[in-house]
Amino acid sequence: MRRHWGPSMRAAEQAGCVVSASRAGHPEAGLWSCSGVILSRSPGLVLCHGGILAPFLRAGSAALTSADATFLPGDSCGDDLRLHVQWGPTSGSAAGRAEPGRPGLCTPRCAGPPPGPAAQRRGPLLQPPRPAELLLLLSCPAFRARFARLFGGEAAEQWHFASAAPDEPLSEDEEEDQLRALGWFALLRVPGAGAGAPGSAVSVAPPGALSKGAPLLACGSPFGAFCPDIFLNTLSRGVLSNAVGPLLLTDARCLPGTEGGGVFAARPAGALVALVAAPLCWKAREWVGLTLLCAAAPLLAAARSALACLPDVACWAALLPPEVGAPRGLPLRDPGPPWAAAAVLVECGSVWGSGVAVAPRLVVTCRHVAPREAARVLVRSATPKSVAIWGHVVFATQETSPYDIAVVSLEEDLEGVPIPVPAEHFHEGIVASNTRDNNTGATYPHLNFSIPITVLQPALQRYCQTGDLGGLQELDGAPEPVRVVWRLQRPLPQLPRSKL
């Protein structure tokens, strides 16, 4: 694992930074901050999220929603704007300390033993915040168009992308500013950033370089400029969950303040894939454990086009990092795991969920997605080609059963979809639900209940061979120990003795 991620972790650490914005002479007005990516140290160019600049726009955040607005020049913000950028010690600086066994990878001093006299002489742990100037605000038009198509209109009432939870106090103006700024980024110049540091820019992965399921590494600073000794350049691993043009999804865990942080690939090693657009998403007031990303390549292409239209800053366009090619003899795009093609989308009226193709005409999903009363359901598969096939529910467990299972028979074959081979032991299963605390109402999307395939396989095989639903119907009579585990209860070892 260390060999696999080492180059990407070093690249992420060297490129990560935190950007803060404040009003000159008005410290009581507060501090806005987010994460950023150092595109180049010499010259000092930084790309960060544009949301922290919305309060400083002369025309207000409404300027970000104009249909023809793809960029705004630096003077669109008020003269009282003050920007600062802070980053950690680079692997080649004296302030850094290489972690044992991982040459060149810096570890915060607070994570190790107390520093001795030798360590204290090496200088400060973090670089001091440096003043920066705003070159321009920019957006990726394709990202905004995809976002409006997927999450706009009637769907907008169900989705929530603010940095605070839906139940947390947030003024309407603040929430509107955050939504308007989603998809906007800021290009900054940090004078003198290249002094004593490597001048190489980050490498950028070209569009479509990664397939669904490819490993990713997110680097951001949770809570922005708060306590950078602890939170600066926090790393989180995940995969590319899905991609629609430049709009990407990842399950790498990101928190408020990581907006604008970089997301890097394992191959090409350390290549910048995207920037965090929205770290937290809610649907119908339930937290969705996915992070919304904007692909880096089209965003930088938009930056070059915008800079070319502004004579005062046009010289910086040629200094933005180019896209990286594939290593010789290796394909740039990983075909991805073949089993991923067995996952399908199941739509039952206004309800939708995931399913697994276990036979060319048989899909297993959850009862709460396709209940027993459903006459017809629509099953969609994206790979190897996009298809939509109608089917009907042949079995669904009862509401009282802990096994949240439904079986859908399709009217046509799912051609070209690889059918997964069930394991003989509990190594795979179907995700049935998130975990919900009924006392507090909180839902934990990263803690899931799964039904082992070893429980379902005999009944599914019996139905495929004979059409007999008897094996599946036995799931309605689950024994009490299974019901107790499903309710997260601890059974009493024995009945308490009577005192009489």
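Cut-offs used in this document
- Residues numbered from 1 in each chain as written.
- Predicted model: local features only at pLDDT ≥ 70, side-chain atom pairs only at ≥ 80, totals over all residues.
- Heavy atoms only, no water.
- Helix = DSSP H or I, 4+ residues; strand = E, 2+ residues; numbered from the N terminus.
- Areas by Shrake-Rupley, 256 points an atom, 1.4 Å probe, with all protein chains shown as cover.
- Phe/Tyr/Trp six-rings, centres within 6.5 Å; stacked < 30°, edge-to-face > 60°.
- Buried < 20%, exposed > 50% of the residue type's maximum accessible area, 1.4 Å probe, protein only.
- Pairing = 2+ DSSP bridges.
- Axes fitted to C-alpha atoms, helices over the stretch in contact; angles between N-to-C directions.
- Contact = heavy atoms within 4.5 Å.
- Core = buried A, V, L, I, M, F, W, Y, C linked by side-chain atoms within 4.5 Å.
- Polar contact = N/O pair within 3.5 Å; in protein donor to acceptor, adjacent residues only side chain to side chain.
- Disulfide = S-S within 2.5 Å.
- Arc of directions from axis to C-beta.
- Salt bridge = Lys/Arg side-chain N within 4 Å of Asp/Glu carboxyl O.

Draft legend 1. A look at the overall build of the protein chain. Within the protein chain, the regular secondary structure consists of nine helices and 26 strands. For the protein chain, the accessible area works out to roughly 25200 Å², and carbon and sulfur atoms hold 56% of it.

Draft legend 2. Structural context of the packing of aromatic side chains. Using the criterion set out here, one finds four aromatic pairs in the structure. Ring geometry for Phe223 and Phe231: centres 5.2 Å apart, planes at 80°, overall edge-to-face. Exposure remark for Phe223: the relative accessible area of 43% places this residue in the partly exposed category. Members of the aromatic cluster, each reached through a chain of ring pairs, are Phe223, Phe226 and Phe231.

Draft legend 3. Looking closely at the sheet that holds strand E11 (residues 215-220). Overall, antiparallel pairing links the six strands, which are arranged E11-E12-E13-E18-E15-E14 in a closed barrel. Each neighbouring strand pair of the sheet contributes to a mean axis angle of 45°, computed without reference to strand direction. Alignment of strand E12 (residues 234-244) against strand E13 (residues 247-250), held across four bridges, turns out to be antiparallel. Note on E13: the bridge partner recorded for Leu240 is Thr250. Of the strands in this sheet, strand E15 (272-278) and strand E18 (291-295) touch helix H6 (residues 296-308), which is tilted by about 50° from E18.

Draft legend 4. The arrangement of the nonpolar core in detail. In terms of nonpolar packing, the biggest core is built from 44 residues, with Leu39, Leu47 and Leu187 touching the most fellow members. Looking at which element gives the most residues to this core, the answer is H6, with eight residues. With residues near it in sequence (within four places) discarded, Leu47 still touches Gly36, Val37, Leu39, Leu138, Phe185, Ala186, Leu187, Gly260, Leu275, Leu299 and Leu300. The next biggest cluster of nonpolar side chains, apart from the first, holds 29 residues, and it includes Cys17, Ala63, Leu72 and Ala132.

Draft legend 5. Highlighting the side chain of Thr365. Looking at the secondary structure, you find Thr365 in strand E21 (residues 362-365). Here Thr365 falls in the buried class, since its relative accessible area comes to 0%. Of the polar contacts made by the side chain of Thr365, one reaches the backbone oxygen of Ser354; its length is 2.8 Å.

Draft legend 6. Expanded view of the pairing of strand E1 (residues 16-23). Among the eight residues of E1, seven are classified as buried, and the element is accordingly described as predominantly covered. The pairing of E1 with strand E5 (residues 81-86) spans six bridges and is classified as antiparallel. Opposite Arg23, over in E5, you have Leu81 as the bridge partner.

Draft legend 7. The arrangement of the environment of Leu235 in detail. By secondary structure assignment, the location of Leu235 is in strand E12. Judged by relative accessible area, which is 34%, Leu235 ranks as partly exposed. Taking C-alpha positions, Leu235 is 9.1 Å from Ala252, a pair spaced 17 residues apart along the chain. Leaving out residues up to four positions away in the same chain, Leu235 has contacts with Met9, Ala12, Leu217, Ala218 and Cys219.

Draft legend 8. Region of interest: the state of the cysteines. What the rule picks out here adds up to zero disulfides. Lacking any disulfide linkage, Cys140 is separated from the closest cysteine sulfur, that of Cys294, by 4.6 Å. Cys140 gets classed as buried once you look at its relative accessible area, which sits at 3%. Free cysteine: Cys254, not disulfide-bonded; nearest cysteine sulfur from Cys219 at 9.8 Å.

Draft legend 9. Just the side chain of Ser40, in detail. Tracing the backbone through its elements, the reader meets Ser40 in strand E2 (residues 32-41). By relative accessible area, which is 3% here, Ser40 ends up buried. At a separation of 3.4 Å, a polar atom in the side chain of Ser40 contacts the main-chain carbonyl oxygen of Ser42. Of note is the side chain of Ser40, whose polar atom sits 3.0 Å from the backbone oxygen of Pro43.

Draft legend 10. Molecular detail of helix H3 (residues 141-151). Taken together, the buried positions of H3 are Phe143, Phe147 and Phe151. The arc enclosing the buried residues of H3, seen along the axis, measures out at 35°, which places them on a common side.

Draft legend 11. Spotlight on the pattern of salt bridges. This structure, assessed with the given rule, holds eight salt bridges. Between Glu347 and Arg380 there is a salt bridge, with its nearest N and O atoms 3.0 Å apart. Separated by 33 residues along the polypeptide, Glu347 in strand E19 (residues 343-348) and Arg380 in strand E22 (residues 377-381) bring together distant segments of the chain. A relative accessible area of 24% places Glu347 in the partly exposed class. What makes Arg380 partly exposed here is its relative accessible area of 35%. Two residues, Arg367 and Asp404, come together in a salt bridge whose shortest N-O distance is 3.9 Å. Taken as a pair, Arg367 in the loop between E21 and E22 and Asp404 in the loop between strand E23 (387-396) and strand E24 (406-410) lie far apart in primary sequence, 37 residues in all. Among the residues examined, Arg367 registers a relative accessible area of 10% and is labelled buried.

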